[in-house]
Amino acid sequence: MITEFTPIASLMGGLLIGLAAVLLMLLLGRILGATGILSGALMPEKLDDWAWRVAMLLGMFSGPWLYRLFAGELPEISVPSSPMMLLVGGLLVGVGVTLGSGCTSGHGVCGLARGSFRSFAAVALFMTSTVVTVFVTRHLLGV
Amino acid sequence: MKLLVSYLVGLIFGLGISLSGMANPAKVINFFDIAGAWDPSLAFVMGGAVLVTFIGYRWAFKRARPIMGETFQLPGKTRVDRQLASGAIIFGIGWGLAGFCPGGALPVLGTGLSEVWLFSAALIGGIVLTRLVLSAINGATRSGKVSNINEVINGSNS
């Protein structure tokens, strides 16, 4: 399935993601990682460390609706993966980001931007692993 | 005030994700499908986000402390260990199978799409399960020092 190349929209989206990461550090002194925010909202350590995460998740949920105000429609979501791949994939993502202390936003944006060696290693490993997985499922198994 | 700020940061992030295409698994998988229908769009997402964050962090870190907090809470770990490496590899396999990463899927939960909910439920299951197992292992090996896992999870780059 071919998808349209969208350099401008993707760059603008990236700039906004970066802006959010900078604001969170500047204002609250926290790394913006989707995994960490979610994980801490689900299983908080301290009660006063819980509410800001939930508020941020609510903000995230509102994002697509704000997008709709400008674009006239919700963002396009087309899912080539089967329900089984979503289930197994979701489980593996959950295990992996917890063991690996971060995902695309935590390591891939914030970690790289602050020159963390652990994040460079994590990004190199997960990018390679994703390329190999897509190659195997698409081209060897034909899913 | 802190909650309003958090909400607005989440809103900007969610808008950015919506605009970027990160919430669209077809696009994400095509980015990684170098041998097939390659769509390089997501390189622009990463490039733009890292550029802004790189510049913005340098500016933010000139301050002694965040505007509304005591300290900048940065991960203290520097060593690449087996746990980080295996976690990153497992994450990549899951990302390649599903096409969603946490930051891509969470903002679009409100669209009510069943695929997003299925992925997110499995994601939450994986996170909770792993944290319970890690915390049990830590509790067993270092009784009385269970707080270690909390540093691993919340003091990290997640």
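Since this is a predicted model, take the numbers as computed values, not measurements. Here the residue numbers are simple positions, counted from 1 along each chain's written sequence. To label them, take the chains in the order written and letter them from A, then take the ligands in the order written and number them from 1. This being a predicted model, a pLDDT of at least 70 is required before a residue's local features are given, and a value of 80 or more before pairs of side-chain atoms are given or counted; all residues contribute to the totals for chains, interfaces and linings. Side-chain calculation: all heavy atoms of the structure are included, whereas hydrogens and water are not.

Contact definition: two residues touch when any of their heavy atoms are within 4.5 Å. Every contact between the two is made by 112 residues of chain B and, on the other side, 114 residues of chain A. Interface of chain B and chain A: buried area, both sides summed, is about 10400 Å²; carbon and sulfur atoms make up 75% of it. Any Lys or Arg side-chain nitrogen located within 4 Å of an Asp or Glu carboxyl oxygen qualifies as a salt bridge. Between chain B and chain A we count three salt bridges in total. Each polar contact in these results corresponds to two N or O atoms within 3.5 Å; when the atoms are within protein, one needs to be able to donate a hydrogen and the other to accept it, and residues that are neighboring in sequence are counted only if both atoms are side-chain atoms. Our count for the contact surface shared by chain B and chain A stands at 30 residue pairs in polar contact (both at pLDDT 80 or more). Strands here are runs of E lasting at least two residues and helices are runs of H or I lasting at least four, both read from the DSSP assignment and numbered beginning at the N terminus. Secondary-structure elements contributing two or more residues to the side of chain B that touches chain A are helix H1 (2-20), helix H2 (25-32), helix H3 (41-60), helix H4 (82-98), helix H5 (102-105), helix H6 (114-141) and helix H7 (147-154) of chain B. Nonpolar residues are Ala, Val, Leu, Ile, Met, Phe, Trp, Tyr, Cys and Pro. Charged residues are Asp, Glu, Lys and Arg, and all others, Gly as well, are polar. A class-by-class count of the residues in the side of chain B that touches chain A yields 68 nonpolar, 34 polar and ten charged. Here the quantity called buried area is the accessible surface, traced with a 1.4 Å probe, that two parts lose on coming together, added over both.

Bringing the packing of helix H5 (residues 106-113) of chain A against H3 of chain B into the picture now. Packing of H5 of chain A against H3 of chain B brings their axes to within 8 Å, and their N-to-C directions diverge by 35°. H3 of chain B is crossed by H5 of chain A, and the crossing has right-handed handedness. Touching Gly 108, Val 109, Cys 110, Leu 112 and Ala 113 of chain A of H5 of chain A are Met 46, Ala 49, Val 50, Thr 53, Phe 54 and Tyr 57 of chain B, all from H3 of chain B. Split by residue class, the contact of H5 of chain A with H3 of chain B holds nine nonpolar, two polar and no charged. Angles here are taken between N-to-C directions and fall from 0 to 180 degrees, while the axes themselves are lines fitted to C-alpha atoms, restricted in helices to the stretch in contact. By definition, any crossing whose near helix is turned counterclockwise from its far helix by less than a right angle is left-handed, and any crossing with a clockwise turn is right-handed.

The contact between helix H6 (residues 117-140) of chain A and H2 of chain B brings their axes to 8 Å, and the two run at 100°. Between H6 of chain A and H2 of chain B, the angle is such that the two are roughly perpendicular. Residues Met 127, Thr 130, Val 131, Val 134 and Arg 138 of chain A of H6 of chain A touch H2 of chain B, and the partners they reach there are Ile 29, Asn 30 and Phe 32 of chain B. For the contact of H6 of chain A with H2 of chain B, the residue count by class is five nonpolar, two polar and one charged. Here the word oblique covers every angle except those under 35 degrees (roughly parallel), over 145 (roughly antiparallel) and from 65 to 115 (roughly perpendicular).

The final tally for this structure, using the stated rule, is seven salt bridges over all chains. Of the charged contacts in the structure, one is a salt bridge between Arg 30 of chain A and Asp 49 of chain A, with a shortest N-O distance of 3.3 Å. With Arg 30 of chain A in the loop between helix H1 (7-28) and helix H2 (34-42) and Asp 49 of chain A in the loop between H2 and helix H3 (51-71), the pair connects residues that are 19 residues apart, well separated along the chain. Looking at Asp 49 of chain A, the relative accessible area reads 12%, which means it is buried. Note that Glu 45 of chain A and Arg 131 of chain B form a salt bridge whose closest N and O atoms lie 3.1 Å from each other. Linking Glu 45 of chain A in the loop between H2 and H3 with Arg 131 of chain B in helix H6, this pair reaches from one chain into another. Several salt bridges share partner residues, and in doing so they unite Arg 30, Asp 49 and Arg 53 of chain A into one network. Only protein chains enter the calculation, and the probe is 1.4 Å; a residue is then buried if its accessible area is under 20% of its type maximum, exposed if over 50%, and partly exposed in between.

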